[in-house]
Amino acid sequence: MSWGTELWDRYDAMCTYTSNGIDFLDTSLARFISERGKIENEYASKLRKLVNRFTPKDAANANSADEYSHMNAYRQMLTEVGYIAGQHEVLADSFQKENYRKVRDNTKKFKEIRRLNMEKRQKNSKELKQLYSAMEKSKDKLKKFSPSFPINQRQTKTSLSFK
């Protein structure tokens, strides 16, 4: 759907379109971000437990120079997995707090903008109907006053044109 002058008479369709978009933000996207944050948090927690469970208990030999290289590499891998868990915790915090809040705030803002636009449209429609009503009354008065006077705008332009 393009947003141009061809939509001047499609206000109801545009309202439905924007309403569906706001509802999508409010329900689907916000819920997705919240759930993703919970999953990231759970994943980080499980990674931490995994690291703690498989970390060798003999910490006395952890930094000794005579430790085998495969044990040293294993400890480094566990340390890196711990760092990855930390990054997932940061990501979970971002999803659950910042991003979720931003989506909710934007949704509220969009709902308010939409509500104001709907009120403005109703006001303008009411005004337009009143103007059309006043125009019809004026036409009726004009017909009573001078029945031969042309009411149609085209007739008016052609009959009153100066030659």
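Refer to the preceding data block for the structure.
Residues numbered from 1 in each chain as written. Predicted model: local features only at pLDDT ≥ 70, side-chain atom pairs only at ≥ 80, totals over all residues. Heavy atoms only, no water.

What follows deals with the overall build of the protein. Scanning the protein for helices and strands turns up 3 helices and 0 strands. In the protein, the succession of α and β elements from N to C terminus is α-α-α. Burial analysis of the protein (163 residues in total) assigns 17% to the buried set. Once local pairs closer than 6 in sequence are excluded, the contacts in the protein between residues at least 24 apart make up 72%. Just so you have it, the protein exposes about 13400 Å², and 56% of that area is on carbon and sulfur atoms. (Helix = DSSP H or I, 4+ residues; strand = E, 2+ residues; numbered from the N terminus. Buried < 20%, exposed > 50% of the residue type's maximum accessible area, 1.4 Å probe, protein only. Contact = heavy atoms within 4.5 Å. Areas by Shrake-Rupley, 256 points an atom, 1.4 Å probe, with all protein chains shown as cover.)

Looking now at helix 2 (residues 69-145). Helix length check: helix 2, at 77 residues, gives a terminal C-alpha distance of 109 Å against a target of 114 Å (1.5 Å per residue), a fit within 8%. For helix 2, the principal kink sits at Phe 95 and spans about 35 degrees. Listing the buried residues of helix 2 in full gives Arg 75, Leu 78, Gly 82, Ala 85, Gly 86, His 88, Ala 92, Phe 95, Val 103 and Thr 107. Taken together, the buried residues of helix 2 touch helix 1 (11-54). (Expected span 1.5 Å × (residues − 1). Bend = angle between axes of the 7 residues up to and from the residue.)

Axis separation between helix 1 and helix 2 bottoms out at 8 Å; the angle between their running directions is 165 degrees. Classified by the interaxial angle, the pair formed by helix 1 and helix 2 is roughly antiparallel. As for how helix 1 packs across helix 2, the hand of that crossing is left-handed. Here the residues of the contact of helix 1 with helix 2 are counted per class, giving 24 nonpolar, 12 polar and 11 charged. (Axes fitted to C-alpha atoms, helices over the stretch in contact; angles between N-to-C directions. Parallel < 35°, antiparallel > 145°, perpendicular 65-115°, else oblique. Left-handed = near helix turned anticlockwise from the far one by under 90°. Nonpolar A, V, L, I, M, F, W, Y, C, P; charged D, E, K, R; others polar.)

So, on to the pattern of salt bridges. One pass over the full model with this rule turns up 11 salt bridges. For Lys 38, the salt bridge goes to Glu 35, with nearest N and O atoms at 4.0 Å. Of this pair, Lys 38 and Glu 35 both sit in helix 1, separated by 3 residues, roughly a single helical turn. Overall, the relative accessible area of 45% leaves Lys 38 in the partly exposed class. Within this structure, Asp 26, Arg 104 and Lys 111 form a network of salt bridges that share partners. (Salt bridge = Lys/Arg side-chain N within 4 Å of Asp/Glu carboxyl O.)

Now for the environment of Tyr 83. Relative to the assigned elements, Tyr 83 resides in helix 2. The spatial distance from the C-alpha of Tyr 83 to the C-alpha of Arg 48 is 9.2 Å, given a sequence separation of 35 residues.

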